[in-house]
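Survey of secondary and tertiary structure
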Amino acid sequence: MIDKKEIEAFVEEGLTGSDCFVVDVQVKPDNVIVVEIDNEEGVDIDRCVALHRFLESKLDRDAEDYELEVGSAGITSPFKVLGQYKKNIGKEVELLTKNGMKLSGILKSADSEKFVVTITKKVRSETSKRKVEVEEDLAFGYDEVKYTKYLIRFK
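Structural notes, computed from the coordinates. Note that the coordinates shown come from a computational prediction; the quantities given were computed from them, not determined experimentally.

The tally for this structure, following the rule as stated, stands at 5 aromatic pairs. For the pair Phe79 and Tyr85, a centre-to-centre distance of 5.1 Å together with 80° between the ring planes defines the contact as edge-to-face. There is no split in this pair, since Phe79 and Tyr85 are both buried. Consider the rings of Tyr85 and Phe115, whose centres lie 4.9 Å apart with planes at 40°: the pair is tilted. With Tyr85 in helix α3 (residues 82-87) and Phe115 in strand β6 (residues 114-124), the pair connects residues that are 30 residues apart, well separated along the chain. For the pair Tyr85 and Phe115, one class covers both residues: buried. Through a chain of ring-to-ring contacts, three or more aromatic side chains come together here, namely Phe79, Tyr85, Phe115, Phe140 and Tyr142. Over the ring of Tyr66 we find Arg61, and its NZ or CZ is 4.0 Å from the ring centre. The ring of Tyr147 has Lys149 lying over it, and the distance from NZ or CZ to the ring centre is 5.1 Å.

Below you can see the structure in the form of structure tokens.
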């Protein structure tokens, strides 16, 4: 079986000098290798093809047969790495906490420990009968959420 760590090292080498980062590397049964990459601007097909060819040059199909897929992280896919969180700062995201609470808001910041989402909620005002919208920053550790993903709205 093909070694995942070896593939990850090849991917890092293949992305050296580019603005791309690794989102995920999987080695599935029957040596199906799936590589997901991303960058600030989005990944084009030429970048995927270039990495695919680089990886093929590093692997020996005669020694061990494999299937190789290289693609960009999908726009509707949950975030897997910090780079995806940083890329989406200032954009609307949806998250599901491990205790089942589903929220949407603007991703305000992200670091290696946590990320912050600004949500808008309606609360009763003491001065009027109507509810008013109030923004609140909520911080989450990455281990507190089941998923976070870019929220697409059709208006």
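Let us now look at the nonpolar core. In this structure, Ile7, Val11, Ile33, Val35, Leu51 and Leu55 are the most contacted members of the largest nonpolar core, which totals 20 residues. Listed by contribution, the elements that provide at least two residues to this core are α1 (4-15), β1 (21-28), β2 (32-38), α2 (45-58) and β3 (67-72). The greatest single-element share of this core, amounting to 4 residues, is contributed by α1. Non-local contacts of Leu55, meaning those with residues more than four positions away in its chain, are made with Phe10, Val11, Val35, Leu68 and Val70. In terms of nonpolar packing, the next biggest core, distinct from the first, is built from 13 residues, Val93, Leu95, Val117 and Leu138 among them.

To continue, consider unusual backbone geometry. Located in the positive-phi region is Asp30, a residue other than glycine, with phi close to 65°. Inspection of the secondary structure assignment puts Asp30 in the loop between β1 and β2. For Asp30, a relative accessible area of 73% corresponds to the exposed category. For Asn31, which is not a glycine, the phi torsion comes out positive at approximately 55°. Structurally, Asn31 can be placed in the loop between β1 and β2. For Asn31, a relative accessible area of 8% translates into the label buried.

Let's shift gears to the side chain of Asp24. With respect to the secondary-structure elements, Asp24 resides in strand β1. Side chain to side chain, Asp24 and Gln26 meet in a polar contact 2.8 Å long. Leave out the neighbours within four places in its chain, and Asp24 touches Val34, Val35, Glu36 and Lys80.

Here is what the cut-offs are and how they apply
Per chain, residues are indexed from 1 in the order of the written sequence. pLDDT decides what is reported in this predicted model: residues at 70 or higher carry local features, side-chain atom pairs at 80 or more are listed and counted, and totals for whole chains, interfaces and linings draw on all residues regardless. Side-chain numbers here rest on the full set of heavy atoms in the structure, without hydrogens or water. Aromatic rings from Phe, Tyr and Trp, taking only the six-membered ring of Trp, are treated as a pair when their centres fall within 6.5 Å; an angle between ring planes under 30 degrees marks them as stacked, one over 60 as edge-to-face, and anything in between as tilted. Relative accessibility thresholds used throughout: buried, under 20% of the residue-type maximum; exposed, over 50%; partly exposed, between the two (1.4 Å probe, protein chains only). The way it works is that DSSP assigns letters per residue, a run of H or I at least four long becomes a helix, a run of E at least two long becomes a strand, and they are numbered from the N terminus. Placement of a charge over a ring requires the Lys NZ or Arg CZ to be within 6 Å of the ring centre, with the centre-to-atom vector within 35 degrees of the ring normal. Residue types Ala, Val, Leu, Ile, Met, Phe, Trp, Tyr and Cys, when buried and joined through side-chain atoms within 4.5 Å, form a set referred to as a nonpolar core. Residues are treated as being in contact if the distance between any of their heavy atoms lies within 4.5 Å. Under this definition, polar contacts are N or O atom pairs within 3.5 Å; protein pairs additionally need one hydrogen-donor-capable and one acceptor-capable atom, and for neighbouring residues in sequence, both atoms have to be side-chain atoms.

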